[in-house]
Amino acid sequence: MLRKHFFKAFALFVVTFALASANFAQGTTSRITGTVTDSSGAVVAGANVSLKRDGTGTAITTQTNDNGNYTFDLIQAGNYEVKVEKQGFKTSISKGNSAYVNLPSTVNFVLEVGDVSATVSVEGSAEIVQTATSGN
């Protein structure tokens, strides 16, 4: 009898923990992703991508993968500058990109051939990606 109550209590604990974890997963962060290509449409792998939140002096960096994709995950909501650099291409900067809680943004780049010291600047090119939610 005691064993039966223990298993019920344990099952209730597991279900409660799972539901609480799902609520915490809603989170307070966002994500900015994108693809970097050249003017011919070919992906640019190994490009250095940096992300800087407006009002701060610090940047986080990553590199594009073999498919030309990059991701900045678990970032705070706010406005961001995204910069892409790759030897043989002009540096490209996109400013005013908004990231909202649980609403990812996409910032794609098309790099122009040229000296990395030359800069191409774009204002507010983020595309907000709305994802489907279940339960409604």
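Residues numbered from 1 in each chain as written. Predicted model: local features only at pLDDT ≥ 70, side-chain atom pairs only at ≥ 80, totals over all residues. Heavy atoms only, no water.

Asks: Break down the overall build of the protein for me, citing the residues and quoting the values.
Replies: Check the secondary structure of the protein and you find one helix and 10 strands. For the protein, the α and β elements follow one another from N to C terminus as α-β-β-β-β-β-β-β-β-β-β. Within the protein, buried positions represent 26% of all 136 residues. Across the protein, every contact between residues at least 6 apart in sequence was considered, and the portion connecting residues at least 24 apart equals 61%. With an accessible surface of roughly 8,800 Å², the protein has 55% of that area assigned to carbon and sulfur atoms. (Helix = DSSP H or I, 4+ residues; strand = E, 2+ residues; numbered from the N terminus. Buried < 20%, exposed > 50% of the residue type's maximum accessible area, 1.4 Å probe, protein only. Contact = heavy atoms within 4.5 Å. Areas by Shrake-Rupley, 256 points an atom, 1.4 Å probe, with all protein chains shown as cover.)

Asks: Could you give me a rundown of the nonpolar core, with the residues and numbers involved?
Replies: Here is a general trend for soluble globular proteins: nonpolar side chains tend to be buried in one another's company. Within the largest apolar cluster, 17 residues are counted, with the highest numbers of intra-cluster contacts made by Ile32, Tyr70, Val82 and Phe109. Every element with two or more residues in this core is listed here: strand S1 (29–38), strand S2 (48–53), strand S4 (69–76), strand S5 (78–85) and strand S8 (109–111). Contacts of isoleucine 32, omitting those with residues within four sequence positions, involve Leu51, Tyr70, Thr71, Phe72, Ile75, Tyr80, Val82, Ala99, Ser105 and Val107. (Core = buried A, V, L, I, M, F, W, Y, C linked by side-chain atoms within 4.5 Å.)

Asks: Account for the pattern of salt bridges, naming residues and giving values.
Replies: Under the criterion given, the structure shown has two salt bridges. Arginine 31 is paired through a salt bridge with aspartate 73; the nearest N and O atoms lie 3.8 Å apart. Linking arginine 31 in strand S1 with aspartate 73 in strand S4, this pair joins segments that are 42 residues apart in sequence. Overall, the relative accessible area of 30% leaves arginine 31 in the partly exposed class. (Salt bridge = Lys/Arg side-chain N within 4 Å of Asp/Glu carboxyl O.)

Asks: Which residues make up the confidence of the model for the protein, and what values go with them?
Replies: The predicted model of the protein averages 82 in pLDDT, with 68% of residues at 70 or higher. Across residues 128–136 the pLDDT falls below 50, and counting only partners more than four positions away or on other chains, this stretch makes nine contacts in the model. (pLDDT = per-residue confidence, 0-100.)

Asks: Before we move on, can you summarise the side chain of serine 30 with the specific residues and values?
Replies: By the element assignment, serine 30 lies in strand S1. Taking relative accessible area as the criterion, serine 30 reaches 6% and is therefore assigned buried. Those residues in contact with serine 30, other than ones at most four positions away along the chain, are Phe72, Asp73, Leu74, Ile75, Ala99, Tyr100, Val101, Asn102, Leu103 and Pro104.

Asks: Describe the environment of lysine 52, with residues and values.
Replies: You can see lysine 52 is positioned in strand S2. Residue class for lysine 52 comes out partly exposed when judged on its relative accessible area of 31%. Residues lysine 52 and valine 82, spaced 30 residues apart in sequence, show a C-alpha to C-alpha distance of 6.6 Å.

Asks: Describe the environment of valine 107, and please don't skip the residues or the numbers.
Replies: Relative to the assigned elements, valine 107 resides in the loop between strand S7 (105–106) and S8. Residue class for valine 107 comes out buried when judged on its relative accessible area of 0%. Taking C-alpha positions, valine 107 is 7.8 Å from asparagine 97, a pair spaced 10 residues apart along the chain.

Asks: Account for unusual backbone geometry, with residues named and values stated.
Replies: Unusually for a residue other than glycine, leucine 74 sits at a positive phi of about 60 degrees. Checked against the element boundaries, leucine 74 lands in strand S4. The phi dihedral of asparagine 102 is positive, around 55 degrees, even though this residue is not glycine. With respect to the helices and strands, the residue asparagine 102 is situated in the loop between strand S6 (91–99) and S7. On the basis of relative accessibility, which here comes to 40%, the residue asparagine 102 falls in the partly exposed class.

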